[in-house]
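Analysis of the macromolecular model
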Amino acid sequence: MSIRIYNTLTRRLEELEPLVPGEVSLYVCGPTVYADAHIGHTMGPVLFDAVARWLTARGYRVRFVNNITDIDDKIIDRARASGESWQAITQRYTAQYLDLLATLGVETITAHPQCSNHIDHMIPFIGELVEHDIAYRAEDGIYFDVSRHQGYGKLSGRHLDELQAGARIERRSDLRNPQDFCLWKLAKPGEPSWPSPWGDGRPGWHIECSVMSEQLLGRAFDIHGGGDDLKFPHHENEIAQSEANGRPFARIWMHTGLIQYQGAKISKSDPRMQDAAFAAQFMAKNAIASYGGATLRFLFLQGHYRRPVDFAPDSLRAAGTAYRRLQRLIGDLADDDERLGLDAILARPLAPELAEHRAAFCAAMDEDFNTGQAIARLFSLAALARKSDDQQAEQARHLIRDLGRCIGLFRPGEQQQEQHPDDHLAASLMDLILDLRAQARQAKDYATADTIRDRLKALDITVTDGPKGASWSRDG
RNA sequence: GGCGCUGUGGCGGAGCGGCUACGCAGCGGAUUGCAAAUCCGCGUACCCCGGUUCGAAUCCGGGCGGCGCCUCCA
């Protein structure tokens, strides 16, 4: 068994050979916390959570770092506009972000370092660069001289001369190269700042990832991940800083596809985002409220992590329907919080057709984490479970649950969480309503029973009559 | 303009040299007080044009289209 990963840096599938046998170190860029998180912020963590879960299932110990950028011009602007302190803003949105990840079942992240806690590691890092004349003082801060790093552009396939030819970059007489980037930004009056040998100021955007990854994972680590839009300049600059400073840095780079809407990416600067109602549909909290965290997670995992995901209501609904069918099939097996390693799952003796799907699921995951193909096998197992005899059906149901859990599906309690969104009043009222309906049915007053069901349906609540009485669920 | 990705059935979305992907929707049937849920059955798709091959959605060349990055972004 070996795991192959598409390395953006080499543009090839490469076998995962961790620096430390049996351990995988993973760093994934997280959000800048100054506003409500959008679904794109949550997709990366979900995707990499599935990666981490799979590696864990495969027996690796995974260290997974996901940073929080809590110092940034936009945060400062926001604080100034609202009158709040920047800390109040970042604390609020950091808490929201972590809460969203929990709702989406992201459980594998081992550290969420915050930029503001690592300034004292950044200063010596920048100091080293200055010492070697790789970084220099410009008018408003310390800048990295990109010409001092030979491989600059290797990740994004760019050459400095081409970049220079582009007219997009503002020319500044105090910079050595137009694409030099800021490592330390000197503070203007009233801005939050930290002392440094070059004057009070704050770190530039890129430096935190180079420094915090080193702090938490070491100078060399296995995988660096992030959204495709970070490839340039963010990741390119991270590489430049770290390598120019004698760090080997990341071996494998993984980039995730981006959220799209009607075939195109929605950028922060998209004019439509000015419309509050338009922007609201991309807020993670709203998407979760409408469709549920598990459905959102399932949607992300149905495709391949490198491909963009079109965020359309129809896709969400289809994903919700499909996922609920699997949940129903598994039924109360999902209540059990049993989490098996792959060895245990593979050791279980099975009928050949079940074993074939099990093997295909694993092969799909081993080959660049093809969750979409893996999930297809779950549906094939579901079909078998429905037509097999009791014993084999039971095996298939267990297998669906256990394999699914290797990528974060079928988490214990997730159905309750979604069906009764921590509203005890709603749950009690539903009990009351269903009791009355059961009485009506007992009295063969089907007209009343149907009216109750139809009116609940209009509220997106589905009532299901079963042998043990009626149950209800909220439709995505 | 540069770099990269991509074009699959109504929709979403894998596959990337030969075998039903899969899901959603739809249609027919079974079951059901009616529904829901569940079950059974049904679609033979790969942008265009050349080429390679016994065989191509899958490889190569050309064309046309879409998307991303090159400014903020996960």
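Everything in this summary refers to the structure shown in the same document. (Residues numbered from 1 in each chain as written. Chains lettered and ligands numbered in written order. Predicted model: local features only at pLDDT ≥ 70, side-chain atom pairs only at ≥ 80, totals over all residues. Heavy atoms only, no water.)

**Digging into the side chain of S156**
The residue S156 is located in the loop between strand 6 (141-144) and helix 5 (160-165) in this model. Of the residues examined, S156 reaches a relative accessible area of 13% and is grouped as buried. Polar side-chain contacts of S156 include one of 2.6 Å to the side chain of E236. If we skip the residues at most four places from it in the chain, S156 touches R11, K231, F232 and E236. (Helix = DSSP H or I, 4+ residues; strand = E, 2+ residues; numbered from the N terminus. Buried < 20%, exposed > 50% of the residue type's maximum accessible area, 1.4 Å probe, protein only. Polar contact = N/O pair within 3.5 Å; in protein donor to acceptor, adjacent residues only side chain to side chain. Contact = heavy atoms within 4.5 Å.)

**Describing the pattern of salt bridges**
Scanning all chains against the criterion turns up 37 salt bridges. Here R339 makes a salt bridge to E107, at a shortest N to O gap of 3.7 Å. Within this pair, whereas R339 is found in the loop between helix 11 (313-330) and helix 12 (342-347), its partner E107 is found in the loop between helix 3 (86-103) and helix 4 (119-131), the two being separated by 232 residues in sequence. You can call R339 exposed: its relative accessible area is 54%. (Salt bridge = Lys/Arg side-chain N within 4 Å of Asp/Glu carboxyl O.)

**Quick notes on the packing of helix 13 (residues 352-366) against helix 15 (residues 390-405)**
Relative orientation of the contacting elements helix 13 and helix 15 amounts to 5 degrees, with a least axis distance of 11 Å. On the basis of the axis angle, helix 13 is roughly parallel to helix 15. On the side of helix 13, the interface is formed by E353, L354, R358 and F361, while helix 15 contributes Q392, Q395, A396, L399 and L403. A per-class count over the contact of helix 13 with helix 15 returns 5 nonpolar, 2 polar and 2 charged. (Axes fitted to C-alpha atoms, helices over the stretch in contact; angles between N-to-C directions. Parallel < 35°, antiparallel > 145°, perpendicular 65-115°, else oblique. Nonpolar A, V, L, I, M, F, W, Y, C, P; charged D, E, K, R; others polar.)

**Considering the nonpolar core**
Among soluble globular proteins, nonpolar side chains are generally buried collectively. Ranked by size, the top nonpolar core spans 113 residues in total, and within it W54 and F369 carry the most contacts. Dropping the residues within four chain positions of it, W54 is found in contact with I3, L342, F361, C362, M365, D366, F369 and C406. Listed in part, the 14 residues of the second largest apolar core include Y27, A111, M212 and I239. (Core = buried A, V, L, I, M, F, W, Y, C linked by side-chain atoms within 4.5 Å.)

**What to know about the environment of L155**
Looking at the secondary structure, you find L155 in the loop between strand 6 and helix 5. Once the C-alpha coordinates of L155 and I239 are considered, the two residues, 84 residues apart in sequence, prove to be 8.5 Å apart. Those residues in contact with L155 that sit more than four places away from it in its chain are T8, L9, R11, K231, H235, E236, I239, W253 and H255.

**Some points on helix 13**
The end-to-end C-alpha distance of helix 13, which contains 15 residues, comes to 21 Å, matching closely the 21 Å that a straight helix rising 1.5 Å per residue would cover. Along helix 13, the residues classified as buried are L354, H357, R358, A360, F361, C362, A364, M365 and D366. Looking at the packing, one finds that the buried side of helix 13 touches strand 1 (4-7), helix 1 (39-57), helix 12, helix 14 (371-387) and helix 15. (Expected span 1.5 Å × (residues − 1).)

**Description of the packing of helix 14 against helix 15**
Where helix 14 meets helix 15, the axes come as close as 8 Å, and the angle between the chain directions of the two elements is 160 degrees. With respect to their mutual orientation, helix 14 and helix 15 come out roughly antiparallel. By crossing handedness, the relation of helix 14 to helix 15 is classed as left-handed. Of the residues in helix 15, those in contact with L378, L381, A382 and A385 of helix 14 are A393, A396, R397, L399, I400, L403 and G404. Of the residues belonging to the contact of helix 14 with helix 15, the class tally is 9 nonpolar, 1 polar and 1 charged. (Left-handed = near helix turned anticlockwise from the far one by under 90°.)

**Things to note about the sheet that holds strand 7 (residues 181-186)**
Within the open sheet, the 4 strands sit side by side as 5-6-7-8. Their pairing is antiparallel. Strands at the two margins of the open sheet, each flanked by one partner only, are strand 5 (135-138) and strand 8 (201-203). Taking each pair of neighbouring strands and ignoring which way they run, the sheet shows an average axis angle of 25 degrees. As paired elements, strand 6 and strand 7 share 4 bridges and run antiparallel to each other. Counted as the bridge partner of Y143 is C182 from strand 7. (Pairing = 2+ DSSP bridges.)

**Thoughts on the side chain of E208**
Looking at where E208 falls in the secondary structure, it is placed in helix 6 (residues 207-217). Buried and unpaired, E208 has K74 as its nearest opposite-charge partner, separated by 10 Å. Within the structure, the side chain of E208 is placed 2.8 Å from the side chain of N67, a separation counted as a polar contact. If sequence neighbours within four positions are ignored, E208 has contacts with Y27, N67, I68, T69, C115, M122 and S213. (Lys, Arg positive; Asp, Glu negative; His and termini not counted.)

**Structural notes on the protein's contact with RNA strand B**
H41, L230, K265, R386 and D450 are the nearest of the 55 residues found near RNA strand B. Here RNA strand B approaches the protein such that, of its atoms within 4 Å, sugar and phosphate make up 61%. Within the side chain of R158, one N or O atom sits 2.9 Å away from a sugar or linking oxygen of RNA strand B. Between RNA strand B and R453, the relevant distance is 2.7 Å, taken from a base oxygen to a side-chain nitrogen or oxygen of the residue. Residue classes in the surface near RNA strand B are distributed as 17 nonpolar, 21 polar and 17 charged. (Near = heavy atom within 4 Å.)

**Some details on unusual backbone geometry**
The linkage connecting F232 with the following residue, P233, adopts the cis geometry, with an omega of 0 degrees. Here P233 lies in helix 7 (residues 231-244). With a phi close to 55 degrees, R11 is a non-glycine residue in the positive phi region. The residue R11 is located in the loop between strand 1 and strand 2 (12-15) in this model. Backbone geometry at K444 places phi at a positive 60 degrees, although glycine is not the residue there.

**Comments concerning empty space enclosed by the protein**
Under the criterion given, the structure shown has 4 cavities of 30 Å³ or more. Estimated volume of the largest cavity: approximately 50 Å³. Together, L47, A50, V51, L301, H304, Y305, F369 and T371 line the largest cavity. Counting residues per element, the lining of the largest cavity draws most heavily on helix 1, at 3 residues. By residue class, the composition of the lining of the largest cavity is 6 nonpolar, 2 polar and no charged. Computed from the structure, the second largest cavity encloses a volume of approximately 40 Å³. In terms of lining residues, the second largest cavity is bounded by P31, T32, V33, Y34, A35, A37, H41, Y93 and Y97. Of the residues in the lining of the second largest cavity, the class split is 7 nonpolar, 2 polar and no charged. (1 Å grid on protein atoms, 1.4 Å probe; cavity = no way out; pocket = protein on both sides within 12 Å on 5 of 7 lines; lining within 4 Å. Points joined across faces, edges and corners; volume = space filled by probe spheres on them.)

Shape descriptors only; they carry no functional weight alone.
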